[in-house]
Amino acid sequence: MNILDEPLFPVRWLPGTDYHPAGGPARVGLLDLLLHSHEIEGLAVADAPAHAALLRVLYALTARVTGLDEAKEGPDDWLLMREEVLAEERLPQKAIESYFARYRERFFLFAPEPGGRPWMQDPRLRDQCDAASTAGVNKLVVTRPAGNNHSWFRHASDARPDSATASEAVLNLLTWHYYGPSGRCSAREVNGATSASAKAGPLRTSLSYHPEGDTLFETLLAGLVPPAREVDAERDLCPWEWEELPDPDGPPPAVVGPCSRLTAGSMHALLLVPDPDEGDRVRDAFITWAYRSGRGTRPDDDYLIWQVSKQSNTYPRPADFRRALWRDLDALLLIDPPGVAQPRRPTVFEWAVEVSPNLRVRALGFEQDGQAKDTQFVDAVTPPVLGFVERRSARTQPAVGRLRALGERFGGRLDRALRRAWRAYVDDPKDAAQAWIEEGAARYWPAAERVFWDRFALLDRTGTALDGGLDTAAARASFLQLAIRSFDDVTASVAGTQRGAKAVEEARIELFGDRRSKPAGRDAA
């Protein structure tokens, strides 16, 4: 089974194309994914981490087949090369077919013969791991419960696990390579020494941001970043291009350019075991460590917001399913966004706007801890926003930042007001007031997102308005009214009692940001 030809990757076709399905997402092989990228609206991968991982693989393949994997003449020449590809309105067919013909044997999902190298897998695990202690297919598929964990998405049993489809298996294979946990794993014996501890995957806990166009073709070109002048494509290899598999006893292969950075950062080794009765399904999997020693630092990534901790350590902004994407917008558009964490926007957005000013931003991630706890996928998309990237419209950017800050300000004030009201009501200054805080957030933030995008649509797109077109007073009033409404709704259950009314009215002042005087009425702005 070769992933170049097998329909494993779900897509949405553009309406009006010959391939547009009558209903439901179609699936295509990797070859058709690139050959028809100009006719595909986008990927239809349901699991956000698998979507993010697959995009990185496709970016690397796109760079290879277009020659955009090097920039020896500098970024300006690279941009001209990308413009030429854009003008063709499709990826080069001959280059795609030539590349995949060269590496076809490396794209089998299962090794076709002894000594073969299945795609993104390590066949040595059959001999180096205990066949009686495999990870199991339930461990491979991250949405299934494994071991004694509770069932959330579906019921599953380790005693009688359902085999996984090839499509499920390949997407979860990618998820493990990029988001796999650190800590205990299956034992692997190499050169007489056995270990059972893995390092975390390169995207573990993080949220990545991707420019998204009207077609997959636009999305893939917008997702490329000019390599440094010194990058040599012959040395900057993807795992399926390696002549030999790396030594597990040695350090991980060096990341020397965009292709290795996009595809070769995994700290896990996997091997899929096909179902003997159904050759297109996966019955089991080996999952273990890839290298005894980890990387000294987390590899840089062009799709993450990097920020600085209080200890002056740089780390990527983590995925948080409770945080709406608009709250990160100024960190995506501004060169020097505000904030004590000193956020640095993803490098990709410095170059994506050259593809189209109408690109959207898609955020993909997995809220998890550094080890085994997985919480929830994160998948969100904005309207077209990259026309506002700072170097294109410098006057608009402070307006975007102020608009986002206003929404954050009144969300924070609502949080403080609810905590104060609850603590006064229960007469416990240390109570976390979690129930009220969560209800208030659930009421405020979705409504604040609608206000944000409504106001964002009114911002100046010409770069001529000194204030960026933002009506600050009107925006402030809108967010304040949302905070007041949310506060009243949450506290309504106790406001009818004397004690509750006193606690609520004394806490209301927090919504206005002035603790010295109480506003005249409930609806004061």
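Everything numeric in this text was worked out from a predicted model, so none of it was measured.

Draft legend 1. Spatial organisation of empty space enclosed by the protein. Applying the stated criterion across every chain yields a total of five cavities of 30 Å³ or more. Considering only enclosed or pocket space, the largest cavity measures out at about 300 Å³ in volume. Lining the largest cavity are 24 residues; nearest its centre among them are Met120, Gln121, Pro239, Trp242 and Leu245. Tallying contributions element by element places strand 8 (residues 268-274) first for the lining of the largest cavity, with three residues.

Draft legend 2. Highlighting the environment of Glu243. Following the sequence through the fold, Glu243 ends up in the loop between helix 8 (216-222) and helix 9 (258-263). A relative accessible area of 65% places Glu243 in the exposed class. In this view, Glu243 contacts Arg106 and Arg117; residues no more than four positions away in its chain are not counted.

Draft legend 3. Local environment of the side chain of Arg64. Tracing the chain through its elements places Arg64 in helix 2 (residues 48-66). Taking relative accessible area as the criterion, Arg64 reaches 13% and is therefore assigned buried. Look past the residues within four positions of Arg64 in its chain and what remains in contact with it is Asp69, Tyr99, Ala233, Asp236, Leu237, Cys238, Glu241 and Cys259.

Draft legend 4. Spatial organisation of the pattern of salt bridges. Under the definition given, this model contains 23 salt bridges. Taking the shortest distance from any N to any O, the salt bridge between Asp5 and Arg104 comes out at 2.3 Å. One end of the pair, Asp5, is in the segment before strand 1 (9-13); the other, Arg104, is in the loop between helix 4 (93-102) and helix 5 (125-128), and 99 residues separate them in sequence. Residue Asp5 is classed as partly exposed on the basis of its relative accessible area, which comes to 41%. Taking the shortest distance from any N to any O, the salt bridge between Arg124 and Asp122 comes out at 2.8 Å. A relative accessible area of 23% means that Arg124 is categorised as partly exposed. Owing to a relative accessible area of 7%, Asp122 belongs among the buried residues under this scheme. Connected through salt bridges with shared partners, the residues Glu212, Asp214, Arg360, Arg362 and Asp379 form a single ionic network.

Draft legend 5. Spatial organisation of the pairing of strand 6 (residues 193-198). Pairing between strand 5 (residues 183-190) and strand 6: five bridges, direction antiparallel. Across the sheet, residue Gly183 finds its bridge partner in strand 6, namely Ala198. Linkage of strand 5 to strand 6, two consecutive antiparallel strands, is achieved through a turn of two residues, within which Asn191 is found at a positive phi near 55°.

Draft legend 6. Spatial organisation of the packing of aromatic side chains. Summed over all chains, the structure comprises 15 aromatic pairs. When the centroid spacing of 5.1 Å and the interplanar angle of 50° are considered together, the rings of Tyr99 and Tyr103 count as tilted. In this structure, Tyr99 and Tyr103 share a single accessibility class: buried. With a centroid separation of 5.4 Å and 80° between ring planes, the pair formed by Trp453 and Phe456 is classed as edge-to-face.

Draft legend 7. Just helix 15 (residues 498-508), in detail. For helix 15, the set of buried residues is Gly500, Ala503, Val504, Ala507 and Arg508. Seen from one end, helix 15 has its buried residues packed into an arc of 130°, which puts them on one side. Opposite its buried face, helix 15 presents the exposed residues Gln498 and Lys502, each directed more than 90 degrees away.

Draft legend 8. Spatial organisation of the state of the cysteines. With the rule as written, the count across this model stands at zero disulfides. Here Cys185 is not disulfide-linked; the sulfur of Cys129 is the nearest cysteine sulfur, at 8.1 Å. Cys259 carries a free sulfur, and the closest cysteine sulfur to it, the one in Cys238, is 4.6 Å from it. You can call Cys259 buried: its relative accessible area is 1%.

Draft legend 9. Summary view of the confidence of the model for the protein chain. Of the residues in the protein chain, 89% reach a pLDDT of 70 or more, and the chain-wide mean stands at 86. Below pLDDT 50 for its whole length, residues 392-396 participates in 15 contacts with residues either more than four positions away or in separate chains. A low-confidence stretch, residues 515-525 (pLDDT under 50), is modelled with 24 contacts involving residues beyond four sequence positions or located in other chains.

Draft legend 10. Just the sheet that holds strand 13 (residues 374-381), in detail. Strands sit in the order 7-12-13 across an open sheet of three strands; the sheet is antiparallel. The sheet is open, and its two borders are formed by strand 7 (207-212) and strand 13, each paired with just one other strand. The mean angle between the axes of side-by-side strands here comes to 10°, regardless of whether they run parallel or antiparallel. Inspection of the sheet shows strand 7 paired to strand 12 (residues 360-368) by six bridges, in the antiparallel sense. Within the sheet, the bridge partner assigned to Pro211 lies in strand 12 and is Val361. Relative to the sheet, helix 2 contacts strand 7, strand 12 and strand 13, its axis offset from that of strand 12 by approximately 125°.

What counts and how
Residues numbered from 1 in each chain as written. Predicted model: local features only at pLDDT ≥ 70, side-chain atom pairs only at ≥ 80, totals over all residues. Heavy atoms only, no water. 1 Å grid on protein atoms, 1.4 Å probe; cavity = no way out; pocket = protein on both sides within 12 Å on 5 of 7 lines; lining within 4 Å. Points joined across faces, edges and corners; volume = space filled by probe spheres on them. Helix = DSSP H or I, 4+ residues; strand = E, 2+ residues; numbered from the N terminus. Buried < 20%, exposed > 50% of the residue type's maximum accessible area, 1.4 Å probe, protein only. Contact = heavy atoms within 4.5 Å. Salt bridge = Lys/Arg side-chain N within 4 Å of Asp/Glu carboxyl O. Pairing = 2+ DSSP bridges. Phe/Tyr/Trp six-rings, centres within 6.5 Å; stacked < 30°, edge-to-face > 60°. Arc of directions from axis to C-beta. Disulfide = S-S within 2.5 Å. pLDDT = per-residue confidence, 0-100. Axes fitted to C-alpha atoms, helices over the stretch in contact; angles between N-to-C directions.

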